[in-house]
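Report on the structure
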Amino acid sequence: MAAPKKAKVTTLPGNRAPAPSAISEALARSVKRVAPLWSLEHFVAVNPFLGFTEERFEHAARRVSLACDAQLLMPRSFYREELQAGRMQESDLCIALAQSPHLGEITLEAVLEGLQVECDSRSHVAISTCADIATQISGRDWSSLIVERVSHWASGYFDAGQAIWPSPFSDLRPYDAWRREMAIDCSDTVMGLGNAQELLAGLPKSPEALCAFVLRKLAVPEALLDLYLHRLLSSIGGWVAYARYQSWGQELAGESPKWVVDLLAIRLSWEWVLMQEFARDGAELAWRRAVLSQVANADIERPLNSDEIIDQIAQDAFELTWQREAINALAENESTPVGELLRPSTQAVFCIDVRSEVLRRALENVGTDVETLGFAGFFGLPIEYQPLAGEGAKAHCPVLLSPAIAIQESLRGQSIEMTNRLSRRIRMRRHLSSGWRAFKNSAVSCFVFVESYGLAYAFKLAAHTLCISRPEPLPVHRGLPPNLAKDLGPQLTPVDGIGGGIGIAKQIDLAQSILRGMSLTEGFARLVMLAGHGSSTTNNAHATSLDCGTCGGQTGEASARLAAMILNNPPVREGLRQRGIDIPQDTMFVAALHNTTTDVVELFDLPSLPETHAQDIAGLAAKLLEAGEQARQERSRLLAFAPGTDPLAGMLTKSRDWSEVRPEWGLAGCAGFIAAPRSITRNIDLQGRSFLHSYDYRQDPDFSVLELIMTAPMVVASWISLQYYGSTVDNAAFGSGNKTLHNVVGGSLGVFEGNGGDLRVGLPMQSVHDGQKFIHEPRRLSVFLAAPISAINRILDKHEQLRQLVDNGWLRLFAVYDGGKVVARYSGNSQWESANTETTDSAPTEA
């Protein structure tokens, strides 16, 4: 057998090869340029711009154009329509210009005139790749062909159980597995790359060495390295994002996402192959010219031109419209806290999710003696949860954390042996069902199945088509007999390597953290409801995107039930009393789940509560029913029901309809985050557009709770906001396209739009657009903190990544005080300026 052909090593003439140190530094930066993509099993929101928040927002717009061939802002027609409709005022443009660092460089008249002229919001042409050069020479779309080849390989390599014939090399690193497969894959010859196999066989065997080799031989200028590598990664961005997700544990441990380097090496290998294949057709000269022409654009931090300034001011002005409404509403609100008048009958703690705001407002309207609070939906419990008969435990905590507590679900009042026996029986039924499904889907037996059993499925098909099938159960209970759900409950269990169980001392610590985190350390009601949230939809690949983000894309009832168990535990109560938190003996905590698709709230573990609270429970249940009806009436305005449709019936139908592309609007419309006492926002209609986190700085002397809010829930809310932002401003690049064309890949890895292409990231267009107009309005998150400015500044100084988000304009920060008056707007570099005309004499500027 002939020895493999060695790759040519001649550096392209006319360009200087980058230094090894420059290549190493560029690789270290590039592997974090693409945000991770969680699988469909727990599809959590991720900031699509996570890899370059160290850059200012306006400079990142250039990066997005150059490296992603995408846009970071809406087209000017969008802002013109907002002005013409009166939703954005000329005064907003004036204020935005006054607050802009470009004041003096452009006039208001120039901005207004510029908005009348359409301008491509992609500020620059994307960086050229060798695939682009090959396309120019041959007329074939090599960029798309390479994406198809990489995607075809990656869907087999990363497969999570869908493939009947899995990749034989999936135990190797991605780059090694790809090289092995390319050695026996003849598709390249069919594509017209006759020497591809020989060229690939001669390339370096490690991904790091391959990257250095190709970058030196292509002589990519050092000034262009960062953008060029980012361009290559974004061309297969979906699979790169999934590879980064697979390496996320390594990143949390402080390591580099190694698998991303492998994907980059694969993409660079194709660059080298194409350059060699088309060398005789002038590829080297064309590449050299393309590279030299693009070096001038490599400095993305150079001053903005007039068109870029106009676009940025238009976006700033658009965001001011909601900020103005929120500021005025806070200033005019005269609400008095329920707890200052009398003891609340119930305190209802909901997740900070914007969908909870509508139900909280309705519940307070129904029961004026009810006090609602907001807290992260995982209730401060970083758990790994094993559902009954589940195939494996799943993390129910923010993806920024690692699970520290392991719990499992069992039948209430039954022995572990009985529970295990039932689990085995359910698993056996599930495995038989999987075998039957494999028979139906097999390449050979599927034809026999349709001919033999097709008619037997007629009733099931009709039921799904007419939306008369039963509602979808909670994700953790799918596959279980419906009558078991009420008898299930979380049980504490020690698991080696994850917390070792929860002793009383640990429970006391957790309880104190939970109560301090929601500023609930006194004035307890007789009944405190802890409500997680989840959704119920069918035939929805992105179903988990509607579940609780702080629970890692899972439903929140497990966290709520565990929190209630801990807080009802008498030894825990005694330990809290010794620490200054005295929970009355007649106070009981009850867990609940808010179904965000139907606004129905289900209470859990009621048999464990004393009979003395039966009336309280009945009263709460009645109020929840009425509040749910009010919330549904409000939300139904956006759900396009036929006239006369009962909202609950309509929402139940949507949850069962396998053709429904918009079962609910999720977090579309999210615009703000408010961390303050409820008295500041009670009675204000925030239209389900604000995350609401309870916080009272007077109960936080060391501001540790404020630090936790700013570094965890606030960041998660920013991720959610920016995911919706990206999916709106450029769905082709940062979203997942048309939901009706989606095909699930690899069992649960993600989706293709159609039958191929790159793995899609972000949200479907149907999640942000109703077919006529955008339901989500692209705004960066506006954060309002009721806390001393000095404390906020100290926390920003302590956390560099948090400061980057704020200083670089990825979110807007405001300070408010007890009366609800907005004190100041953060203007950068620890500086604040007046955000309204109200006096700020009583603002808590000092800690």
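As the structure is a prediction and not an experimental result, all values here were calculated from the model.

Quick notes on the rules
Residues numbered from 1 in each chain as written. Predicted model: local features only at pLDDT ≥ 70, side-chain atom pairs only at ≥ 80, totals over all residues. Heavy atoms only, no water. Helix = DSSP H or I, 4+ residues; strand = E, 2+ residues; numbered from the N terminus. Buried < 20%, exposed > 50% of the residue type's maximum accessible area, 1.4 Å probe, protein only. Contact = heavy atoms within 4.5 Å. Areas by Shrake-Rupley, 256 points an atom, 1.4 Å probe, with all protein chains shown as cover. Phe/Tyr/Trp six-rings, centres within 6.5 Å; stacked < 30°, edge-to-face > 60°. Lys NZ or Arg CZ within 6 Å of the ring centre and 35° of its normal. Pairing = 2+ DSSP bridges. Axes fitted to C-alpha atoms, helices over the stretch in contact; angles between N-to-C directions. Left-handed = near helix turned anticlockwise from the far one by under 90°. Nonpolar A, V, L, I, M, F, W, Y, C, P; charged D, E, K, R; others polar. Core = buried A, V, L, I, M, F, W, Y, C linked by side-chain atoms within 4.5 Å. Salt bridge = Lys/Arg side-chain N within 4 Å of Asp/Glu carboxyl O. Arc of directions from axis to C-beta. pLDDT = per-residue confidence, 0-100. Lys, Arg positive; Asp, Glu negative; His and termini not counted. Polar contact = N/O pair within 3.5 Å; in protein donor to acceptor, adjacent residues only side chain to side chain. Parallel < 35°, antiparallel > 145°, perpendicular 65-115°, else oblique.

1. Brief notes about the overall build of the chain
- When helices and strands are counted, the chain shows 32 helices and 17 strands.
- Per-residue burial for the chain yields a buried fraction of 58% across its 847 residues.
- The long-range share in the chain, meaning contacts at least 24 apart out of those at least 6 apart in sequence, stands at 75%.
- In the form shown here, the chain has an accessible surface area of approximately 34400 Å², with 53% of it arising from carbon and sulfur atoms.

2. Points about the packing of aromatic side chains
- What the rule picks out here adds up to 32 aromatic pairs.
- Here Trp-153 and Phe-158 contribute two aromatic rings whose centre-to-centre distance is 6.4 Å and whose plane-to-plane angle is 65°, an arrangement assigned as edge-to-face.
- Residue Phe-158 is classed as buried on the basis of its relative accessible area, which comes to 7%.
- Each ring, one from Tyr-157 and one from Trp-259, has its centre 6.1 Å from the other, and the planes form 65°; the classification is edge-to-face. Placement of the pair is Tyr-157 in helix α7 (residues 142–157) and Trp-259 in helix α15 (residues 258–277), with a sequence separation of 102 residues.
- By way of ring pairs, the aromatic residues Trp-38, Trp-153, Tyr-157, Phe-158, Trp-239, Tyr-242, Tyr-245, Trp-248, Trp-259 and Phe-752 are connected into one cluster.
- The ring of Trp-142 carries the charged tip of Arg-140 above its face, separated from the ring centre by 4.8 Å.

3. So, the environment of Met-88
- Within the secondary structure, Met-88 is located in the loop between α3 (76–85) and α4 (90–99).
- On the basis of relative accessibility, which here comes to 1%, the residue Met-88 falls in the buried class.
- Here Met-88 is in contact with Tyr-79, Glu-82, Leu-83, Ala-314, Ala-317, Phe-318 and Thr-321, once residues within four sequence places are set aside.

4. A few points about the pairing of strand β10 (residues 672–676)
- Burial runs high along β10: five of the five residues are buried.
- A two-sided burial pattern is seen for β10, the buried positions comprising Gly-672, Ile-674 and Ala-676 on one face and Phe-673 and Ala-675 on the other.
- Of the pairings in the sheet, the one linking β10 to strand β11 (residues 690–694) comprises five bridges and is parallel in character. Counterpart to Ile-674 in the pairing with β11 is Leu-692.
- In this sheet, strand β14 (residues 782–786) lies alongside β10 in parallel orientation, the contact comprising four bridges. Bridge assignment links Phe-673 to a residue of β14, and that residue is Val-783.

5. Details of the packing of helix α1 (residues 20–30) against helix α12 (residues 222–235)
- Running from amino to carboxyl end, α1 crosses α12 at an angle of 35°, the nearest separation of the two axes being 9 Å. Considering only the axes of α1 and α12, their crossing is right-handed. Contact with α1, carried on its side by Ala-22, Ile-23, Ala-26, Leu-27, Arg-29 and Ser-30, involves Glu-222, Leu-225, Asp-226, Leu-229 and Leu-233 of α12 and no other residues of that element.
- When the residues that make up the contact of α1 with α12 are grouped by side-chain class, the tally is seven nonpolar, one polar and three charged.

6. Side note on the nonpolar core
- Counting residues in hydrophobic clusters, the biggest one holds 176 residues, and the most contacted among them are Tyr-228, Leu-268, Phe-673, Phe-691 and Ile-792.
- Take this core: its biggest share by element is twelve residues, from α15.
- Each residue touching Ile-792, except ones within four places of it in the same chain, is listed here: Leu-706, Met-710, Leu-785, Ala-787, Leu-813, Ala-815 and Trp-832.
- If you look at the next biggest cluster of nonpolar residues, it comprises 35 residues, including Phe-375, Ile-405, Leu-510 and Ile-514.

7. Re the sheet that holds strand β15 (residues 812–816)
- Taking strand neighbours across the sheet as the criterion, the six strands line up as β11-β10-β14-β15-β16-β17 in an open arrangement whose pairing is mixed. In the strand order of this sheet, the two ends are held by β11 and β17 (831–834), each with one partner. Neighbour-to-neighbour, the strand axes of the sheet open up by a mean angle of 25°, direction not taken into account.
- The pairing of strand β16 (residues 822–828) with β17 spans four bridges and is classified as antiparallel. Pairing of Tyr-826 across the sheet is with Trp-832, part of β17.

8. Considering the sheet that holds strand β9 (residues 600–603)
- Spatial ordering of the open sheet is given by β2-β1-β7-β8-β9, a layout of five strands whose pairing is mixed. This sheet does not close on itself; its edge strands, each paired only once, are β2 (370–375) and β9. Shown here is a sheet whose adjacent strand axes are inclined to one another by a mean of 25°, direction ignored.
- Bridge analysis of strand β8 (residues 588–595) against β9 gives four bridges, and the strand direction is antiparallel.

9. Overview of helix α23 (residues 557–567)
- Across the eleven residues of α23, ten count as buried, placing the element largely inside the fold.
- Every buried residue of α23 is listed here: Glu-557, Ala-558, Ser-559, Ala-560, Arg-561, Leu-562, Ala-563, Ala-564, Ile-566 and Leu-567.

10. With respect to the pattern of salt bridges
- Under the defined criterion, the tally for this structure stands at 49 salt bridges.
- Between Arg-173 and Glu-208 there is a salt bridge, with the nearest N and O atoms lying 3.8 Å from each other. Remark: Glu-208 occurs in helix α11 (residues 207–218) and Arg-173 occurs in the loop between α7 and α8 (174–182); sequence separation between them is 35 residues.
- By relative accessible area, which is 29% here, Arg-173 ends up partly exposed.
- For Glu-208, a relative accessible area of 38% corresponds to the partly exposed category.
- Between Arg-698 and Asp-696 there is a salt bridge, with the nearest N and O atoms lying 3.0 Å from each other.
- Overall, Arg-698 belongs to the exposed group, its relative accessible area being 55%.
- What makes Asp-696 buried here is its relative accessible area of 12%.
- What emerges from the salt-bridge pattern is a single network uniting Arg-33, Glu-54, Glu-55, Arg-63 and Asp-226.

11. What to know about helix α26 (residues 647–656)
- Among the residues of α26, Pro-647, Gly-650, Met-651, Lys-654 and Ser-655 are the ones counted as buried. All buried residues of α26 lie within an arc of 135° about the axis, which places them on one face of the element.
- Turning to α26, the residues buried within the fold contact α25 (614–635).

12. What about the confidence of the model for the chain?
- Mean pLDDT over the chain works out to 88, with 86% of the residues at or above the 70 mark.
- Counting interchain partners and residues more than four positions distant, the pLDDT-below-50 stretch residues 475–480 has 19 contacts.
- This model gives residues 492–499 a pLDDT under 50, and the stretch forms 19 contacts once residues within four places in sequence are excluded.

13. A closer look at the side chain of Lys-739
- Take Lys-739: it is sitting in the loop between α30 (731–734) and β12 (742–745).
- One buried charged residue, Lys-739, forms no salt bridge at all, with the nearest opposite charge on Glu-660 at 7.5 Å.
- Separated by 3.2 Å, the side chain of Lys-739 and the backbone oxygen of Val-661 make a polar contact.
- Aside from chain neighbours lying at most four places away, what touches Lys-739 is Asn-540, Val-661, Pro-663, Pro-764 and Gln-766.

14. Digging into the packing of α4 against helix α17 (residues 306–332)
- Put simply, α4 and α17 touch, their axes get as near as 8 Å, and they point 115° apart. Classified by the interaxial angle, the pair formed by α4 and α17 is roughly perpendicular. Both α4 and α17 take part in a crossing whose hand is right-handed. Packed against α4, whose contacting residues are Asp-92, Leu-93, Ile-95, Ala-96, Leu-97 and Gln-99, the element α17 presents Ile-313, Ala-314, Asp-316, Ala-317, Leu-320, Thr-321 and Arg-324 at the interface.
- Along the lines of polarity and charge, the residues of the contact of α4 with α17 split into eight nonpolar, two polar and three charged.

15. Things to note about unusual backbone geometry
- For Phe-379, which is not glycine, the phi dihedral falls at a positive 55°.
- Along the chain, the position of Phe-379 falls in the loop between β2 and β3 (383–386).
- The phi angle at Asp-599 is positive, at roughly 55°, despite the residue not being glycine.
- You can see Asp-599 is positioned in the loop between β8 and β9.

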